[in-house]
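An overview of the molecular structure
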Amino acid sequence: MTNEIDTRMERAKRRLQPKNDWSLQKLYHDTVDKASIKGFLSKNIWKSKADADALYDWKYEHNPFGKTLLLVGEKTDRELVGLGIFMPWTLRRNSGVIGACQWIDLVVSFSYRGQGIPNKVLQDGLNEFRNNNSPVCFAFPNANSVPVHNENKGFLLGYIIRYVKPLQTGYLIKRFIKAPFLTRLVSIVADFFLVFCSRETWHGSSHRYAVERAFACGSDFDEFWQRFREKFSSVIATEKTKEYLNWKYINTPKANRQVYCAKKDGRIEGFIVLEATERLGYIIDAAAIDAVVLECLISFALKAFRQSKKDSAIFVCLENNVFLNVFKRFGFVEREGKKHFYIYLDENMPDKEYFQDSRNWFVTIGDCDIDSM
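The present account deals with the structure reproduced in this document. (Residues numbered from 1 in each chain as written. Predicted model: local features only at pLDDT ≥ 70, side-chain atom pairs only at ≥ 80, totals over all residues. Heavy atoms only, no water.)

Quick word on helix H2 (residues 34-44)
Within the sequence span of H2, burial applies to Ile37, Lys38, Phe40 and Leu41. Mapping the buried residues of H2 onto a view down its axis gives an arc of 160°, with all of them on the same face. Exposed residues pointing more than 90 degrees away from the buried face of H2 are listed as Ala35 and Lys43. (Buried < 20%, exposed > 50% of the residue type's maximum accessible area, 1.4 Å probe, protein only. Helix = DSSP H or I, 4+ residues; strand = E, 2+ residues; numbered from the N terminus. Arc of directions from axis to C-beta.)

Structure (structure tokens):
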């Protein structure tokens, strides 16, 4: 046992010893060796070559906001040992467009961890975008990346919270009742009362709007977004034009997200983005001109999830989301599993304090770079 511990300590020491045989290259997606990048990502975070091809093309080449920046850590023999990627992004507040970026897909080879690669990736990426008039950077880090943000004085704007509404009770009841027949009997009764008491069952405004699926987002979505931005002008939000919506939700590699819009007199009044796994239904994004429209869309989503036998519906968003109270009225409650949301702001940007208040942001899990839950 002692020898094993000594061996681990020696490995850790070797890993932490300074290495001077690497450098960081700033490249854009159209100038890199795609095969090397895809191979490195497949080896470290993506499951297969097919995933790498599809995700690379979607995330880095088809992003409507601009060219993706790759910070590539290479040894002198051109072997990749680290990678950090920044996606260009566009935010809007009031009538102004704000250049931004999202820091994603940080990967460092095990033998090169402890060399400060993440810190240099972050600083070089921030400098590159700030020099190109993009004063805002944001990130949805996992637990392993949080220390990097703390070391670099990232501003913790708030937490991404998971809100859940149970749709069926069987999966909960069988934790306490082991007899299958009795579990089934109790869940039938419990499900009846759950449906009977749920707001969507008695929701009366759905007849005011026609909810239909959008297989492609056209100019009518731009017209809606313009009206939404005028009403919620002070909110900092991703610029959700038709180009963005088509890229982010419809033309994804797995094509597993569905966009529905609520219309009145032929005009879009709101939209909702749904995704389903085997047992769960996710509301990925939602925007509506008012609470009445949003209630209609949530009611539609919950009925669809229940009809397809999902156990629960889930909405994931930044705390203080402007629509959160509407979701809570439908029985969504907070569950464990908070994620940090960090931002980096140019010191010279105006109204910096305004951007440091989570109540001024409109962020859902749809703003994250992932293409599926």
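Observations regarding the nonpolar core
Note that soluble globular proteins tend to have their nonpolar side chains buried in a common cluster. Formed by 94 residues in total, the largest nonpolar core has its most connected members in Ile283, Phe332, Phe341 and Trp361. Considering each element in turn, this core owes the most residues, eight residues, to helix H10 (residues 291-307). Aside from chain neighbours lying at most four places away, what touches Ile283 is Ile272, Val273, Leu274, Ala301, Phe305, Ile314, Phe315, Val316, Phe327 and Phe332. Ranked by size, the runner-up nonpolar core spans 19 residues in total, among them Ile117, Leu126, Val148 and Tyr344. (Core = buried A, V, L, I, M, F, W, Y, C linked by side-chain atoms within 4.5 Å. Contact = heavy atoms within 4.5 Å.)

Focus: the packing of aromatic side chains
Evaluated as defined, the whole model comprises 29 aromatic pairs. Seen from their ring centres, Phe221 and Phe271 are 6.3 Å apart, and the 55° between their planes marks the pair as tilted. Placement of Phe221 in helix H8 (residues 219-231) and of Phe271 in strand S10 (residues 267-276) is noted, with a sequence separation of 50 residues between them. Phe221 gets classed as buried once you look at its relative accessible area, which sits at 2%. When its relative accessible area of 1% is taken as the criterion, Phe271 is described as buried. When the ring of Tyr244 is compared with that of Trp247, the centres are 6.0 Å apart and the planes differ by 65°; the resulting orientation is edge-to-face. Residue Tyr244 and its partner Trp247 are both found in helix H9 (residues 242-250); the two are separated by three residues, about one turn of the helix. A relative accessible area of 0% places Tyr244 in the buried class. Grouped by ring-pair contacts, the aromatic residues Trp58, Phe65, Trp89, Phe138, Phe140, Tyr244, Trp247, Tyr249, Phe341, Tyr354, Phe355 and Trp361 constitute a single cluster. When the ring centre of Tyr159 is taken as origin, the NZ or CZ atom of Lys338, which lies over that ring, is 5.4 Å away. (Phe/Tyr/Trp six-rings, centres within 6.5 Å; stacked < 30°, edge-to-face > 60°. Lys NZ or Arg CZ within 6 Å of the ring centre and 35° of its normal.)

Observations regarding the pairing of strand S13 (residues 333-345)
When strand S5 (residues 136-139) meets S13, the two strands line up antiparallel, connected through four bridges. For Cys137, the partnering residue across the bridge sits in S13 and is Tyr344. Two strands pair when backbone bridges link them, and strand S6 (residues 155-166) and S13 are joined in this way by eight bridges, in the antiparallel orientation. Residue pairing across strands places Arg162 opposite Arg335, the latter belonging to S13. (Pairing = 2+ DSSP bridges.)

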